[in-house]
Structures are given as C-alpha cells and as structure tokens.
Amino acid sequence: MKDLVISMKHITKSFSGVRVLKDVNFNIYKGKVMALVGENGAGKSTLMKILTGVYIKTEGEICLNNKLVNFNNTRSSQEAGIAIIHQELNLVQDLSIGENIFLGREPVSSTGRILWSKLYDNAQLWLDKLGLNENSQELVKNISVGKQQLVEIAKAISIDAKVIIMDEPTGALTPTETKKLFSVINDLKNDGKSIVYISHRLQEIFQICDDVTVLRDGELIGERTIDKINEDEIIEMMVGRKLNEQYPRIETNIGNVILKVENLTNQYVKEVSFTLKKGETLGVAGLMGSERTELMRTIYGIYPYSKGDIYLNSTKIKVSSPMDSLNFGIAYVSEDRKSNGIISEMNVRENITLSSLTNFQGFLGFVNKSKEDISSKRYIEEMSIKATGTNQLLKFLSGGNQQKVSIAKSLMTNPKILILDEPTRGVDVGAKKEIYDLINKFKNEGMSIIMVSSDIPEVLGICDRIMVMHEGKVSGFLDRNEATQESIMALAVGKEVN
Amino acid sequence: MLLVTSIIITLLNPRFLNWSNIVTVLRQTSINAVIATGMTFAILIGGIDLSVGSVLGLCGAIAAAMISSGMNVVVVVLAALLLGTAIGYFNGTLITAGGLQPFIATLGTVTLLRGAILVFSQGRPISVGNTPGSDEFSGIGTGFIGPIPIPVYIMILVFLIAYYILNHTRIGRYIYATGSNEEATMYSGIKTTRVKRFVYSVSGMMAALAGILITARLGSAQPTAGSGYELDAIAAVVLGGTSMAGGIGTIAGTAIGALIIGVLNNALNIMQVSSYYQDVAKGIVILIAVLLDRKQKSSR
C-alpha cells in the first residue's frame, strides 16, 4: 500500500488577484517517484515553490506525515527534509565542486576552521556514488553543464532529504549520465526517499516514475499510476485535446545552396564544412561537447574564426558581430534564453522589437511605441504567446512563452536563414507542437532553417537532412530517409560509418 | 519622500521656506543634478563613473583659462563640453576595449585628471578674468531669467533632454537593455560597446557642464573644484531608485534624489549643523531611504 509522505490539499495561489493555482491536490508517496507534468504555465513551478517555501499559499493545507505543516520560508521546508534541484543551475561557478556541495554546511573543527580534507573526501564519495568522474576540488565552471547538474543532485542527496524534487533533471545530460541518474533514483527509492520528477520527456517518465500527476491551467486534471496509463492519454490530459501527430512535417520545395561554410576553424570547431539549401531544414545533432552551439555562435558572429570562409548565395561574407549577421539575414535563437535570449526585466514589446528598433525609428531617434505595440501584438497572436499584454515583463512568462518571444525577436528581423538552438528545450508538449507548426510555416515562406537539437526523435521528425557533430568536427551527414536513431548516435560518438 | 523631508525641515526651521532660500537651494542643487544625470546613464548600464569630479575641475579650469585670454564665450563653452565628452569617451574605451571594470577605470582617470589639473593650474586658482567674454561667461552661473537663476533652467533642460533620450529613443532602449542583460542585448545584434562609450561620453559631458556652471558662478576655477562630487551624484542616483546592478532607474527619480540632497545640504547649513555632522546626517537619510525603497519593492 502507498505511504503518504506529503499531501497538499486544495492549494490555491493568487498573485494580485490573478489565480495561478486553483484547488490543487498533490500527493507524494514514500519510496516512490511521482511525475509532475503539465504544459508550461500549468502551475508546476508555482506548486513546487509553495512546497519549498518560496511562495506562501493563498489557501489550502500541507501535511507532512499526516501532520499539518506551514512552510513560510525556504529554511522550514529544507529542515522538513524537502530538497529541490532546479532546472537552471544554482551553483557558484568560481568555487569547487566540494565547496558547492557543502555550501553553508562545511565540516568545521571546534575552533571554526573548515576541515578541507573531510569536505573534499565526503564530496568525492557523493560524486563516486553518482558515477561523476571528476575531482571534488575541480572548479564548477570548468566542468560541463551536464556534470554541473549531477553536482546539484549530489548536493541535494547529501543533505539527506526525504523528498527530492527534480525539475527537468535530464535536460543537459547525456544518455549515459541519464542512466546513472536513474540508477541513483532507484537507490534512493530503496532507501525510502521520495522523488518528484518534473519533466516534459514522457518516455523517461514511463521508465522511472511510479505515479503521475497532471496539471493544466492551474488545475489538477488527475493522478494516475503509471502502469494504468499510456503516453497518449497523458498528453491528452495535458493539452485537453487529442494530439494527432507529434511531429507534423511538410514537404517544401528545396532550392539552391544559400549558405556554404568551408573549413571553418577556431578554438571550438575544426574544419567544419557544410551547405544549406534554400527552404531546407538542416538538423544538427550531437552529444554534449560536440560544440554545435559554438559553431552556430561562430557563424552568427559572436566568436571569431581564424580560418575558413562563409558564403551567402555564393558571395563570401565576413561576419564579425551579431549585427553583421542580422544584416545578412541570418538570425540566431539562443539555447539559453535566461542568459542571452531574453531580457527578463523588460516587457514583451521591448523584447520582441529589440533587434529591429531601426524600423520603428523616427525623427531624432524617436521610437514609435504605438507602432511597436501593433507589430508585437501581431507576433503575439500569430505565435500564440500567452501573456497578459505587451506590457507584461518577460520574467512573469512561462518558459515556453519566453522561448516564443525569443523566436519572435529573431523573426522580426525578417531573416532568410534562421538558426534555432535547442528550440524546444524546457518547453511543454503543447508549445512544442506550436513551435513545430511555426517551423513549418517558416518553411512554407521560403526560410532556410538550421536546427540544433539533442532530441533525436525531434531531429528525425522535423528535418530534411541531418549533420552530426562530434567534438567540434563534422562527423557525417544523413539524409532523412536513411537516418535512424542508431546511425545518428554512431556518428555522434565518433564511430566511422560507411 | 521629498515632500516629507521638506515639511520636517520647515517645521524645524522656518527660515527654510522663504523664496530666496528656495532659489538658493535650486541653484546649489543644479550642479549636482547635472552631474547626477550623467551618472544615471553610467549606472543604468551597470557601470559607474568616479571621474566626474576631476572632469568638472579640469574643464572648469580650461574654460577659465580660455575665457580670461579673451576667447569667445560660445567657443569656450563648446570647447569645455567637448573636452568632457572626449574624456568620457576615453573612459568608455578603457572599459570596452581595455576590458577594465568601470570602477577601476574611472578610479584611474579621476586621479590622473586631478593631477592634470594641478599641473595645468600650478596649484593656483584660475580667474575668469576681465574680458567682455568673461562677463557673459560669468552670467551663465550668476545670471537670472526672471526670478529663476540660469543654472536652474539648464538643470531642467538637462533633465528634459535626458528623459527624452532614455524613454523615447533607440539608444535609450539599448541603455536599459544593456544594463539589464548585456549578453542578451549583444546577442540581439546591438553593439553594446558603442552604447557603453556613448554613456560614458554623456557622463563626461555633464561633468564638464557642471564645471562650466561652477566656474562661471565663482568667477574662478579652484584646483580642488569638484573633488568628492561624485559621491553626492551617486547618492542622488541611488536615492532616486536606480539600481546599481543596472537596467532599472529613471531620470525623474534622479531629479528627486538630487533635490532631496540639495534640500538636506541647505537645511543642515541653515540649522548651522557642523559640517562634520552633515555627512553623518546625509548618510543616515540615504540609508533609510534606500532601505524603505527595498522593502516596498520586494513582494512574495
């Protein structure tokens, strides 16, 4: 029988009259993994923030082991044994792994001196347990994002939490690292710990979770056990309608070569050469460390290159800044919207128009705000961006809608080539489909697209041709009809494929 | 906040609220207000300009020397403004191309320039002299249009232009964006290095303008002029609600901040508070204001 560790009942939360959670019940069982799914904006983050003491619920009650509790701050939630691992990393980059794991709880001698060898030895134990192959004295900024995420997990586990909430934990992990994570989760279950697993990756949920709770628009749609439900049913619950095709793909006319990159070389990539035809969607697949993002940033003018050429419609071009790139009609939508895709403190209108302000300029540099408003409203409508209005600050939008704003910003520059870097990362199923539909719309309008993605089914579903990279070099090209998950993976790990 | 402060002070000393004192307050505030406007630009972008005091002193000294040698007043004013702008541009280049932190870069220039002033002036004040140009020049600082001193008109004009730039122009938008998230702004295709150089040039120009106003008013340029003025300017900006992290703040806020500091300075003088205690009082007021502001802004 299931042992109830945490029971959240009739939880309602409003911000200045706007209700974001309505009468939600959420259960966490001992020794089990509860999946929490829902579209972005469904209320998952808000619910977890109430559980971890970041927000205070407007109504409802929380029970821990059948006793009523109140989490008025993060400390009380932590002391109750609840830990959370965020989607966006919370590590101090300039400190070592060990220092990060024991931040605030460093082992000290009676005089208050930090016992460094004890700290690093203990930290190393946790790293070994997770199979993370790093020295605990290594600085966090020197290890990859995927490994940093594992450090976050080590930190939460080391606090001996009874409930661990994981928010999109596998977003930046390789398949091997994901497997390790799952085996650690199983160990935790056997130790009687409970996990809340928030993820958009439904396949993973079926692999590792015992139960699933689905939220939609701030309300509880239902709680089920995993063996009594299937993927389609979960999706239906999430979006409230049947999803016919997950990867809608259309055929378009593919024209001549529009972009040619030859022997591009810098500190990140080596001798990269490829072509892009007009109207084509080129997928760029690879594992972490393949430097795909770095390649795109080089083409976009953020990183310089020492060797190689870029040709646009057979004319050689030199791109030394994003401004140059945009002038040539090449736009880039970043994979890390929080750091460089959007400006959280500015509103929707200001974000969307940021790359195109010259179009709204009048006398003496005057910016026509009403014209801006009209233009940005058009994008909000066409892309179904959920916001209270053009004046809403980006920080209040859900991840998927923030991503759409980032895309809209690039779109407004009327690019001929659109580079999308992990466009659906951290985006829910409903919004994903909307983004795929948008990609199809761009294709129909003759835009050429380069899509970097770590989601192999997505790459197979959407792209015409796939370029696979491995450690900064092009590993190979695959046409859509000959590509399989296995052949892509083989190239991604650097195996020679004939 | 301004209203509250003024009311409290008037109650404490009725001499505060008469017309001639108000004029004095406004005139004295105008110097800091002009510098603070330039400083707002620098802080909005997430930086800071510590060199304004020395720029003020140097441009004031050069202006005095030029006007007393008989040059045309318009030429002198333009030259001084240009010098301030150029120094600001230099600061901007140190920060962008040189990669120096704004704090460090402008710390370097403030010292360098103060030395330049001493060298130029040989440690002695430079009078604006007795040429016909000198009278016109002094008029900028001492003159009136109607009942209101010219520096006050200049202050208002500066506020209006700054407000327009920050709220209604492309560069203004870029300034807020760069201060809020420099990387995202750069990724969006904006040359943030240009924005930074612009901002520091503005700050330098404002400091030069303040130098002109002070020199005109006093009739001479002291080698120590402007020393420490950066603190009052930063205080005005911070009191006005601008965040040191960048991206948040308004000119209206800075205007109010400058007025509060001006009122405080004046009131403490009227009440004949020793100048040693004046700084203590000012510091306390600033801390209280900023803390109250923080409490208001945080919401759960």
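A few points on the structure. (Residues numbered from 1 in each chain as written. Chains lettered and ligands numbered in written order. Predicted model: local features only at pLDDT ≥ 70, side-chain atom pairs only at ≥ 80, totals over all residues.)

Counting its regular elements, chain A contains 17 helices and 20 strands. Across chain A, every contact between residues at least 6 apart in sequence was considered, and the portion connecting residues at least 24 apart equals 67%. (Helix = DSSP H or I, 4+ residues; strand = E, 2+ residues; numbered from the N terminus. Contact = placed C-beta atoms within 7 Å.)

All names here are of chain B. A rise of 1.5 Å per residue sets the reference length of helix H2 (residues 19–44), with its 26 residues, at 38 Å; its end C-alpha atoms lie 35 Å apart and thus fit the reference within 8%. Residue Ser30 marks the point of greatest curvature in H2, where the axis turns by about 35 degrees. A positive phi of about 90 degrees marks Gly46, the residue just after H2. (Expected span 1.5 Å × (residues − 1). Bend = angle between axes of the 7 residues up to and from the residue.)

To summarise the sheet geometry, strands pair through backbone hydrogen bonds and adopt either a parallel or an antiparallel arrangement. Residue and element names in this part refer to chain A. Spatial ordering of the open sheet is given by S16-S17-S18-S13-S19-S20, a layout of 6 strands whose pairing is mixed. With one partner strand each, in any of the chains shown, strand S16 (330–333) and strand S20 (473–479) form the two edges of the open sheet. Between one strand and the next, the sheet's axes are offset by a mean angle of 20 degrees, whatever the strand orientation. Pairing of S16 with strand S17 (residues 417–421), which is carried by 4 bridges, proceeds in the parallel orientation. Its bridge partner being in S17, Val333 is matched across the sheet by Leu420. Each of strand S13 (281–286), strand S19 (465–470) and S20 touches helix H17 (residues 485–492); the most contacted strand, S19, lies at about 35 degrees to it. (Pairing = 2+ DSSP bridges. Axes fitted to C-alpha atoms, helices over the stretch in contact; angles between N-to-C directions.)

Soluble globular proteins tend to bury their nonpolar side chains together. Ile419 of chain A together with Val34, Ile35, Ala210, Ile212 and Leu213 of chain B are the most contacted members of the largest nonpolar core, which has 160 residues in total. The element best represented in this core is helix H10 (residues 192–218) of chain B, accounting for 14 residues. Among residues more than four places away in sequence, those in contact with Ala210 of chain B are Ile31, Val34, Ile35 and Leu56 of chain B. Grouped together as the second largest cluster of nonpolar side chains are 62 residues, Ile157, Ala172, Leu173 and Val429 of chain A included. (Core = buried A, V, L, I, M, F, W, Y, C linked by C-beta atoms within 7 Å. Buried ≥ 20, exposed ≤ 12 C-beta atoms within 10 Å, placed from the backbone.)

This part is about helix H4 (residues 116–130) of chain A. Residues and elements named next belong to chain A. When the terminal C-alpha atoms of H4 are compared, their 21 Å separation across 15 residues agrees well with the 21 Å that a helix rising 1.5 Å per residue should span. What H4 keeps buried is the set Leu119, Ala123, Trp126 and Leu127. Projected down its long axis, H4 carries its buried residues within an arc of 100 degrees, all on one side. Across H4 from its buried face, at more than 90 degrees, point the exposed residues Ser117 and Asp128. Buried residues along H4 sit against helix H3 (97–101) and helix H5 (145–158). At the exit of H4 stands Gly131, carrying a positive phi of roughly 70 degrees. (Arc of directions from axis to C-beta.)

Interpretation in functional terms is not warranted from these geometric data alone.
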